[in-house]
Amino acid sequence: MTDMSARPHFSAMLERCKPLPALKTALVCPHETTALGGALEARDLGLIEPILVGEPKRIKKVATDNGFNIDGLTIVEAEGEQGAAHIGVDCVVDGRAQAIMKGDVHSDTYLSAIIRRDNGMRTDSRTSHCFVMDIPDWPKPIIITDAALNVAPDVKNRIAITRNAIALAHALGVETPKVAVLSAVESVNAAIPSSAEAEQIATEVYDGAVVGGPFALDNAVSMRAAKLKGITDPAAGDADILVVPTIEAGNILFKALVYMAGAETGGLVVGASAPVILTSRADSAEARIASCALAVLAANTA
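Since we're looking at a predicted model, the values are computed, not measured. (Residues numbered from 1 in each chain as written. Predicted model: local features only at pLDDT ≥ 70, side-chain atom pairs only at ≥ 80, totals over all residues. Heavy atoms only, no water.)

Enquirer: Help me out: how do you make sense of the sheet that holds strand E9 (residues 241-243) in this one?
Expert: Hydrogen bonds between backbone atoms are what pair the strands of a sheet, whose relative direction is either parallel or antiparallel. On the basis of which strands lie adjacent, the open sheet formed by 11 strands has the order E3-E2-E1-E4-E11-E10-E5-E6-E9-E7-E8 and mixed pairing. Single-partner strands in this sheet number two, and they are strand E3 (74-77) and strand E8 (210-215). Pairing geometry for strand E4 (residues 99-102) and strand E11 (residues 276-277), over 2 bridges, is parallel. Within E11, the residue paired with isoleucine 100 across the bridge is valine 276. (Pairing = 2+ DSSP bridges. Helix = DSSP H or I, 4+ residues; strand = E, 2+ residues; numbered from the N terminus.)

Printed below as a string of structure tokens:
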């Protein structure tokens, strides 16, 4: 069993999940060791009840080859990545599952099924992705959005993305999250369009959050940096949520934290009709478990 003791913020998430029921989760294409093993470990922690969607022979072979116990788990037969992704979505839509999880399937195939127009998981909200970061020696988890799904969202969509992240922060128990809308500078600069966009986003009305911007990263997360620059915005220096201008900025930020600062991350797509767990084959067991915990907390505060 994965030891989460070195990840205090993720350990706290797991504690919050303990009294909650396991989430019935459609696992799409559990056709390789990491995909199936990570879900089974989340099962053993009481986070999810996997419904295995894919090719039964391949699933059973992976279980046999690795000594995984899948006794009692439902296997829903589906052929190919696309077929499994759509049947996984069907499981959520018809109530057999309460969440969906990516296994050994390409992300674009998986997400296309989720946002399909006919009987999919779309809602009136914008679908967006949140990384929740457990950073060594950092006093609290940090949410980064959107670093995986929306490439270059306009102001309207980034407002929706911000609202999605606030809802997830509430699910994590942060009563009034501080939200920093990022740019390269902390004041509007005509040469940097993201600075003016950040100001527009920050002036929108949000329930249950303090939102400010534009912020450069230093004065978003460092009270000292904010004070040195004379920034008095109530969101400055202590952000719970970092709203990035583009997917490139977010991707660089979260990977820098993981590979250079030793952070670990859990990820969740929010704004759909149910939690969407989006993991990568490169993700650690910690990341998979954290992502499942996020799904449980999000489902129980929806």
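Still more ground to cover, so stick around.
Enquirer: Help me understand the packing of aromatic side chains in this model?
Expert: Any aromatic ring pair is given by two values, namely how distant the centres are and how the planes are angled relative to each other. Evaluation of the coordinates by the stated rule reveals 1 aromatic pair. Ring centres of phenylalanine 131 and phenylalanine 254 lie 3.9 Å apart, and the angle between their planes is 25°; this geometry places the pair in the stacked category. You can see phenylalanine 131 sitting in strand E5 (residues 128-134) and its partner phenylalanine 254 sitting in helix H10 (residues 247-261), a full 123 residues away along the chain. Here the two residues phenylalanine 131 and phenylalanine 254 agree in accessibility, since each one is buried. (Phe/Tyr/Trp six-rings, centres within 6.5 Å; stacked < 30°, edge-to-face > 60°. Buried < 20%, exposed > 50% of the residue type's maximum accessible area, 1.4 Å probe, protein only.)

Enquirer: I would appreciate a short explanation of the pattern of salt bridges in the present structure.
Expert: Side-chain pairing between opposite charges can occur once the charged atoms of the two side chains come close. Applying the stated rule across the entire model yields 14 salt bridges. A salt bridge links glutamate 197 to arginine 158; the shortest N-O distance between them is 3.4 Å. Placement of glutamate 197 in helix H7 (residues 193-202) and of arginine 158 in helix H6 (residues 155-171) is noted, with a sequence separation of 39 residues between them. Residue classification places glutamate 197 among the partly exposed positions, given a relative accessible area of 27%. Residues glutamate 204 and arginine 163 are paired through a salt bridge, measuring 3.6 Å at the closest nitrogen-oxygen approach. Residue glutamate 204 is found in the loop between H7 and E8, and its partner arginine 163 is found in helix H6; the two are separated by 41 residues along the sequence. Here the salt bridges do not stand alone but share partners, grouping Lys140, Lys178, Asp238 and Asp240 into one network. (Salt bridge = Lys/Arg side-chain N within 4 Å of Asp/Glu carboxyl O.)

No statement about biological role is implied by the geometric values presented.
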